[in-house]
Amino acid sequence: YTPLQNQLGPQLSQEHPSQQSAAYKERVIHLNRADAEGRVQFRSNSISTTKYTVVTFWPKFLFEQFRKAPNAFFFLIALLQQIPGISPTGRFTTAVPLSIIMLLTAIKEVVEDWVRQSLPATSEHKQPSQLHSLQGQLVCEPPDDDTTKFKGSLYLDQVRYPVSLNQLLMRGTCLRKTSYVIGLVVYTGADTKVMKNSKPVPLKRSRVERESNRYFLLLLLILAFFTLFTTVANMVWTSRIGPFAWYITNNEISVGHFGAVLITCFIMFHTIVPISLQVTLEFMRIFQAYFIQCDLDMYDPIADIAAEARTSSLNEELGQVNFIFSDKTGTLTQNSMVFQGATVAGRMYGDAVSNGAEAYEFVSGVNSMRSEAAQGQNKDLDDFLSILTVCHTVIPERDSHDNLLEYSASSPDESALVYAAKDMGYELFERSLDTFVIVKVNGEMRRFEVLATFEFTSDRKRMSMVVRCPNGAIRVFCKGADSVIFSRLQSPHLVSETTNHMSKFAMAGLRTLCIAVGDMPQSEWSRLHTEYENARNDIERREAKLALVAEKLEKNLRLLGATAIEDRLQVGVPATINDLLLAGIRIWVLTGDKLETAVNIGYSCRLLQPEMEVRSAVAELSHWLCGIASVKGKEPALVIEGESLSWASHQSVRNEFIDVCLQCRTVICCRVSPKQKSDVVRYVREAMPSAVTLAIGDGANDVPMIQESHVGVGLKGKEGLQAAAASDYSLSQFRFLKKLLLVHGAWNYHRVTIVILFSFYKNITIYVTAFWFALWTQALYNVFFTGATPFALGVWDRSCSVENCMRYPQLYRESQGSDRYNFKVFALWMLNGVYHSAIIFLCVLLAVSTGAVFSDGKTAGLYYLGSLVYAIAVITVGLKAGLEHTAWTGMSHLAIWGGIGNYLVFLVISSNFFPHAGGNFSEVVGYDRALFGSGMFWYLLMLVPALALTRDVAWKAYKKTCRKTLREEVFEMEKLRKDPSTVLFQGTYRKVTEKARLLRNAVGGRSADASANLGDSGPAVEASRGVNLDEEAGPAASAASAASSAAEAGTVGRLRLTVSH
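As the structure is a computational prediction, the values presented were derived from the model and not from experiment. (Residues numbered from 1 in each chain as written. Predicted model: local features only at pLDDT ≥ 70, side-chain atom pairs only at ≥ 80, totals over all residues. Heavy atoms only, no water.)

## A few points about the overall build of the protein
Each helix and strand counted, the protein has 35 helices and 25 strands in total. Out of the 1061 residues belonging to the protein, those deemed buried represent 52%. At a minimum sequence separation of 6, the contacts of the protein that also span at least 24 residues come to 72%. A total accessible area of about 47400 Å² is found for the protein, and carbon and sulfur atoms account for 58% of it. (Helix = DSSP H or I, 4+ residues; strand = E, 2+ residues; numbered from the N terminus. Buried < 20%, exposed > 50% of the residue type's maximum accessible area, 1.4 Å probe, protein only. Contact = heavy atoms within 4.5 Å. Areas by Shrake-Rupley, 256 points an atom, 1.4 Å probe, with all protein chains shown as cover.)

## Some words on the pairing of strand 6 (residues 321–326)
With 6 of its 6 residues buried, strand 6 lies for the most part within the structure. Bridge count between strand 6 and strand 23 (residues 692–697): 5 bridges; the pairing is parallel. Across the sheet, the residue bridging to Val-321 is Val-692, located in strand 23. Here strand 6 runs beside strand 19 (residues 586–590); their pairing, made up of 4 bridges, is parallel. If you follow Phe-323 over to strand 19, its bridge partner there is Arg-586. (Pairing = 2+ DSSP bridges.)

## Observations regarding the packing of helix 13 (residues 522–536) against helix 14 (residues 542–553)
Two elements in contact, helix 13 and helix 14, have axes whose closest approach is 8 Å; the angle formed by their N-to-C orientations is 165°. Our classification of the angle between helix 13 and helix 14 gives roughly antiparallel. As for how helix 13 packs across helix 14, the hand of that crossing is left-handed. Residue-level contacts link Glu-524, Trp-525, Leu-528, Glu-531, Tyr-532, Ala-535 and Arg-536 of helix 13 to Arg-542, Lys-545, Leu-546, Val-549, Lys-552 and Leu-553 of helix 14. Tallied by class, the residues present in the contact of helix 13 with helix 14 amount to 7 nonpolar, no polar and 6 charged. (Axes fitted to C-alpha atoms, helices over the stretch in contact; angles between N-to-C directions. Parallel < 35°, antiparallel > 145°, perpendicular 65-115°, else oblique. Left-handed = near helix turned anticlockwise from the far one by under 90°. Nonpolar A, V, L, I, M, F, W, Y, C, P; charged D, E, K, R; others polar.)

## Concerning the pairing of strand 4 (residues 159–163)
Strand direction decides the pairing type here: strand 3 (residues 152–156) and strand 4, joined by 5 bridges, are antiparallel. Within the sheet, the bridge partner assigned to Ser-153 lies in strand 4 and is Pro-162. Here strand 3 hands over to strand 4 after 2 residues, with Asp-157 in that stretch at a positive phi of 55°.

## Regarding the packing of aromatic side chains
Taken as a whole, this structure holds 19 aromatic pairs when the rule is applied. Ring geometry for Tyr-761 and Trp-829: centres 5.8 Å apart, planes at 80°, overall edge-to-face. You can see Tyr-761 sitting in helix 23 (residues 736–773) and its partner Trp-829 sitting in helix 27 (residues 823–847), a full 68 residues away along the chain. Trp-829 matches Tyr-761 in its accessibility class, with the two residues each being buried. Members of the aromatic cluster, connected to one another through ring pairs, are Tyr-215, Phe-760, Phe-823 and Phe-826. Positioned above the aromatic ring of Phe-436 is the side chain of Arg-447, whose terminal nitrogen or guanidinium carbon lies 4.3 Å from the ring centre. The cationic tip of Lys-880 hangs over the ring face of Trp-829; the distance from NZ or CZ to the ring centre is 4.9 Å. (Phe/Tyr/Trp six-rings, centres within 6.5 Å; stacked < 30°, edge-to-face > 60°. Lys NZ or Arg CZ within 6 Å of the ring centre and 35° of its normal.)

## A word on the nonpolar core
Of all hydrophobic cores here, the largest spans 48 residues; its most connected members are Phe-73, Leu-219, Ile-756 and Trp-829. Per element, the largest residue contribution to this core is 12 residues, and it comes from helix 23. Shared between two domains, this core takes at least three residues from each, and those domains are domain 1 (50–115) and domain 5 (743–953). What Trp-829 contacts, discounting residues up to four positions off in sequence, is Ile-754, Leu-757, Phe-758, Tyr-761, Lys-880 and Glu-884. Among the nonpolar cores identified, the runner-up in size contains 46 residues, and Ala-289, Ala-583, Ile-696 and Val-713 belong to it. (Core = buried A, V, L, I, M, F, W, Y, C linked by side-chain atoms within 4.5 Å. Domains from an automatic or database assignment.)

## Side note on the packing of helix 2 (residues 69–80) against helix 5 (residues 207–241)
Packed helix pairs are characterised by how far apart their axes lie and by the angle those axes make with each other. At a minimum axis separation of 9 Å, helix 2 and helix 5 run at an interaxial angle of 35°. The segment helix 2 lies against helix 5, with Ala-69, Pro-70 and Phe-73 engaging Asn-213, Phe-216, Leu-220 and Leu-223. Split by residue class, the contact of helix 2 with helix 5 holds 6 nonpolar, 1 polar and no charged.

## Remarks on the UniProt feature "active site" (unreviewed entry) in the protein
Mapped onto this structure's residue numbering, the UniProt feature "active site" (unreviewed entry) falls at Asp-327. With respect to the helices, strands and loops of the structure, Asp-327 is situated in the loop between strand 6 and strand 7 (333–344). On the accessibility criterion, Asp-327 (5% relative accessible area) is buried. Not counting residues within four places of it along the chain, the set of residues in contact with Asp-327 comprises Leu-332, Leu-590, Thr-591, Lys-677, Ile-696, Gly-697, Asp-698, Asp-702 and Met-705. Side chain to side chain, Asp-327 and Thr-331 meet in a polar contact 3.4 Å long. (UniProt positions renumbered as here; feature names shortened; annotations may be inferred. Polar contact = N/O pair within 3.5 Å; in protein donor to acceptor, adjacent residues only side chain to side chain.)

In structure tokens, the structure reads:
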């Protein structure tokens, strides 16, 4: 950095940087002068946008892993097992499996982090050799995080050239329509604007994982009870029998003996917590993510983009989504602008026609505009189209034969306007951004000299150009939002007519832009030109000075009219939103568009329904805050602008505002900034801690809300890859969100929860049985004999077919809350494991109470008892897994019967090969033949599992007969090959109201006031409009979806359905 000497003066454009102000610290880059005076070492160009680096990987990874209670627990066990003479197991029986789990998890984290940050980049830049002789320097502002501005001056041969954001290529920019660029590096590494704006990758954990950590404490209490009970029992036994058991060393009561026995029992029973669960979950989630990425139903062949799971740790979270926060432009719409009409000099080209509901359709006026422009008699229309052709930053791309290839535009809006003007005979033929524009009008070439350009910014909301027209006149061309154009008009002429026409445009969902023109005398321009050049060359106060010059130029304008551009909805958006609403998911739209446009898009995509009471005024919101309920019989919907949102976000009224929003069926926030999008998501998360939020967007301005939500989904669209790079899952179209949630999300939630519950259950069963017999633990149980069953449940099990999950969105409601995985469910599974262990214990105890005799006359001993109990436990747990399977596959059979077969094979191997290893294994020689020859062994193998599972079978039968859920009924209809829609028509499942669902599943500790006015759920279906409610599933699915929706809303009696064949 070079401190400057003097205050900036009027002759700034003639001054050297060394003569500028010391009040503003600037960066000076010398061209080809490594020995320049005052040069300092700039930052390295090395950056890291990953979650981990080579240096921080192990510290951060270990910290994250040991935040998981089971990992910290097993690490403690591994340390205790290193104490000689204390551990009843080997020194590495826990350390080795834990190390393998950690290694596999580390590999998964590295792979996912690498994939998450892999984006296209430019490489192999060419540098012409003649640049080595170039001398000069660039003076610019110091590094900052503002991506909307850049100020600097380039000095070459004592001539000063102003540089701005137009000349700045930010890090990560993709080159298009050129093979290389020649540039000067200004900011490097962490000093780049992109890196200044970057945030650490947020750590997201699923609700299931957070709950599992809490339930782990229950297992620790059980483990503590087993440990203390066994230790005390040992002390009692030692005090009574110890003096006579002379063959047992250190058999006396003491503090040291008590501590040693306590640690031994703790290690002996520690595997009541399944160490295999972590690696099972990690591999299972990898397979689930792979299934998402390979799903052809979520592949876009036109864009050649498939779904991508950028993280696998949130797969089950997709099945519990309560709120979706969506961007509009590029997310719900195509971000492909089409010019539909305009209003010029009070005449409206095109018209908004009501379609019978609250929404409007626009009849294009392009043909009438084209016909009138061809006549060349309308001066206002000529000026209007000339401004559309000149006032922009579009570059025409031509081939070697001077044929137009396409227009290269920075925004689809500008491109649409230029193409529309060309369609009407006003072709942008050639342009130099800062010099001239040539327009071809009906074969006539018109040259406009560019004198000044004031670009569009979010603060200015307008763009202006000062041009010298072909007739020599100097004019100001201006286009922008109505709020800034109207205040700069010379007179209110045409304002009323134009406003009325723009309202019709907005009602039809069209984007509007006002067009105005002004005349400027040569003398006035000569005076302002000097101020304009001085402002351009001012690095410190460039924006402020340019804004002052613009204010002097952009006045006394004459209103010409306004444009109307359509941003079309993506394919399948209305059907997708309708089905997500049926699934019980609340959808909020957060957009930067004006209120009227946002409301019409809401009706077009069926987010707003004609039966809803839509409120938007701040006054009405204030009434709501005072407790006024919605009109009876109508579902409330809220539309709020960014300015009102700022007021409602104040701490004093924020809670009441959120309560009002939660009473609404849907909320649309318009004219909001990226920060406000993030704030809205955060407010909902704070108000409803147990609700799961999902944010979806396609642009850089959607990144804050994507990172703030529980699950972030990015669309790879025309606005770049920033949203996709910051997301957890990326798609190419909004409609694919339906299958991601209703199929993959619901299946993954079912799979993950059943795997966790079953894993804890099977360990409770075997180790509580071991507790009854005071046996030592056996590690092969979790790996070879029962390890495959939870994996099969977690990867291949499903509750309903893909077709029915997509056709009946109501099925998704069962996975939204915590009905399948909560403390009650967890405790019941654990008690069931205790019950099964007690049955096994009592049956075996009674069977061997009088002894057991083999066919050769020998009596059974410790090995017989242990093998019998173990075999019964393995079979019981395997059959229990079969009861929990809802969809039997070949892998299910392999996992269950293979696990049982593995144990029987293990008995043969241990009896015939282990004795050769030495040690105590000599006692089991020929043991397999004796065991398999025992009638009691086979009798108990058949009797005890059947007896233990009788209660489970009876409970399953009762539930499937008297207390079936909707998902179970639909699945049963699938197996019977019947149409499941009859279930929905008959209403045989319990209707879940919106109020009950939110209170039970999401609100939790929120006050009753937040949900007092919630009505019954189910979006109203306007069947008379004859729209296909499910474009992907076909007419039959449409009928079923509409009928189920009406049945849920209690409106079957007035349903009128029209289906097109």
